[in-house]
Amino acid sequence: AKIRNPTLTLTNTDTSKPSEPYALNKVLTAEELAPVLDAMRQQLISKNVASEIALNITETVKATLVGQKLASFTRVKTMVTQALKSAVMRVLTPKKSTDILHEIISNRRSGKPYTIVFVGINGVGKSTSLAKVCYYLKQHNIKVMIAACDTFRSGAVEQLRSHARCLDVPLFEKGYLKDPGEVAKAAIDEGTANGFDVVLVDTAGRMQNNDKLMRELAKLVQINDPNLLLFVGEALVGNDGIDQLLMFNKALQTYIPRAQAHEVDGIVLTKFDTIDDKVGGLRARVGSG
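Here the structure is a predicted model, which means the values were calculated and not measured.

A. Region of the structure containing the nonpolar core. If you look at the biggest cluster of nonpolar residues, it comprises 50 residues, and the most contacted ones within it are Ile116, Leu137, Val198 and Leu200. A per-element tally of this core places strand E4 (residues 144-149) first, with six residues. The residues touching Ile116, leaving out its near neighbours within four places in the chain, are Val198, Val199, Leu200, Val201, Leu228 and Leu230. In terms of nonpolar packing, the next biggest core, distinct from the first, is built from 21 residues, Val49, Val61, Leu70 and Ala83 among them.

Here's what the structure looks like:
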């Protein structure tokens, strides 16, 4: 890079080189930003961000910066980094903030328990996540009951019974090979009759393309209309989690009448300690919501 004249024009935007010069009041162009944005896009992809989402972020950053003046003694890399942070924060900031404890306490006036249903594919940690949520609620003096609505997987009820015993909370169960929607309804009725604040509903793991089980899940959601529907997914599966989440939502849209529409309300990511710094799957799943 060379400083050709006293105006300090920017002749090199390759931020990998420490010799990149500063520029004074330089207006950024798409051409000058291109190499920096391309490097940023490649880095996002390397961190497990889906290529189309990485491109979307890059285009957002480009639209933000093109035509902007480069402040005195500011590098292109610095402005791109700031614009990237702003773009990601806009996506990760929820449109609706949910204070679950406040909602649960407010819901007491309804005379019915606040119902949280946990859904997801096989082996992602739904039951364990449910137990952790139960522990958290108990720490805040919330009266909780667990409903065993995985009536398919062998050992599912016993697993929840073990969690319930350790947490010292009641478990509502009807055994196996029962209609999970009806079991959930009976559990909520039991919770209403006995003054429980919350019913945590565990469901069977199911692949997102299993039509029979997705219809079953849609029925459970339709007849019980939970206050909160949580999708539990593994952080380590990366962008495959997007397909899982979208297909769960599509099944709910397809099999539940529009007047009773209820999609996934939130995401619980498990096994986060297994992915090092490749957290792009999280960004992608939030962006797909």
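On we go.
B. Structural view of the packing of aromatic side chains. All chains considered together, the criterion is met by one aromatic pair. We note Lys143 situated over the ring of Phe196; from NZ or CZ to the ring centre the distance is 4.7 Å.

C. Structural context of helix H2 (residues 51-65). Given a rise of 1.5 Å per residue, 15 residues ought to cover 21 Å, and the 21 Å separating the end C-alpha atoms of H2 matches this to within 8%. Along H2, the positions that sit buried rather than exposed are Ile53, Ala54, Ile57, Thr58, Val61 and Leu65. Mapping the buried residues of H2 onto a view down its axis gives an arc of 140°, with all of them on the same face. Among the exposed residues of H2, those pointing more than 90 degrees away from its buried face are Glu52 and Ala63. Just past H2, the residue Gly67 takes up positive phi, approximately 90°.

D. Broad picture of the confidence of the model for the protein chain. Mean pLDDT over the protein chain works out to 84, with 83% of the residues at or above the 70 mark. Low pLDDT (under 50) marks residues 1-22, which in the prediction has 38 contacts with non-local residues, meaning those over four places away or in another chain. Low pLDDT (under 50) marks residues 283-287, which in the prediction has 20 contacts with non-local residues, meaning those over four places away or in another chain.

E. Molecular detail of the sheet that holds strand E3 (residues 114-119). The strand order across the open sheet formed by six strands is E5-E4-E6-E3-E7-E8, and the pairing between neighbours is parallel. What marks the edges here is a single partner per strand, and that holds for strand E5 (171-173) and strand E8 (266-270). On average, adjacent strands in this sheet sit at an angle of 25° to one another, irrespective of strand direction. Set on the sheet, helix H9 (residues 240-255) makes contact with E3, strand E7 (228-234) and E8; between it and E7 the angle comes to about 150°.

F. Quick look at the packing of helix H1 (residues 30-46) against helix H3 (residues 76-92). At a minimum axis distance of 11 Å, the contact between H1 and H3 shows a crossing angle of 50°. Here H1 is positioned oblique relative to H3, judged by the angle of their axes. Note on packing geometry: the crossing formed by H1 with H3 is right-handed. Judged by residue contacts, Leu33, Val36, Leu37 and Met40 of H1 engage Val76, Val80 and Leu84 from H3. Residue composition of the contact of H1 with H3, by class: seven nonpolar, no polar and no charged.

G. Structural detail: the pattern of salt bridges. Applying the stated criterion to the full structure yields nine salt bridges. Among the salt bridges present, the one from Arg161 reaches Glu173, with a minimum N-O distance of 3.0 Å. Residue Arg161 is found in helix H6 (residues 156-167), and its partner Glu173 is found in strand E5; the two are separated by twelve residues along the sequence. Overall, the relative accessible area of 34% leaves Arg161 in the partly exposed class. We classify Glu173 as partly exposed; its relative accessible area is 29%. One salt bridge in this structure joins Lys185 and Asp189, with 3.6 Å as the shortest N-O distance. Highlighted residues: Lys185 and Asp189, both in helix H7 (residues 180-193), separated by four residues, approximately one helical turn.

Definitions and limits used
Residues numbered from 1 in each chain as written. Predicted model: local features only at pLDDT ≥ 70, side-chain atom pairs only at ≥ 80, totals over all residues. Heavy atoms only, no water. Core = buried A, V, L, I, M, F, W, Y, C linked by side-chain atoms within 4.5 Å. Buried < 20%, exposed > 50% of the residue type's maximum accessible area, 1.4 Å probe, protein only. Helix = DSSP H or I, 4+ residues; strand = E, 2+ residues; numbered from the N terminus. Contact = heavy atoms within 4.5 Å. Phe/Tyr/Trp six-rings, centres within 6.5 Å; stacked < 30°, edge-to-face > 60°. Lys NZ or Arg CZ within 6 Å of the ring centre and 35° of its normal. Expected span 1.5 Å × (residues − 1). Arc of directions from axis to C-beta. pLDDT = per-residue confidence, 0-100. Pairing = 2+ DSSP bridges. Axes fitted to C-alpha atoms, helices over the stretch in contact; angles between N-to-C directions. Parallel < 35°, antiparallel > 145°, perpendicular 65-115°, else oblique. Left-handed = near helix turned anticlockwise from the far one by under 90°. Nonpolar A, V, L, I, M, F, W, Y, C, P; charged D, E, K, R; others polar. Salt bridge = Lys/Arg side-chain N within 4 Å of Asp/Glu carboxyl O.

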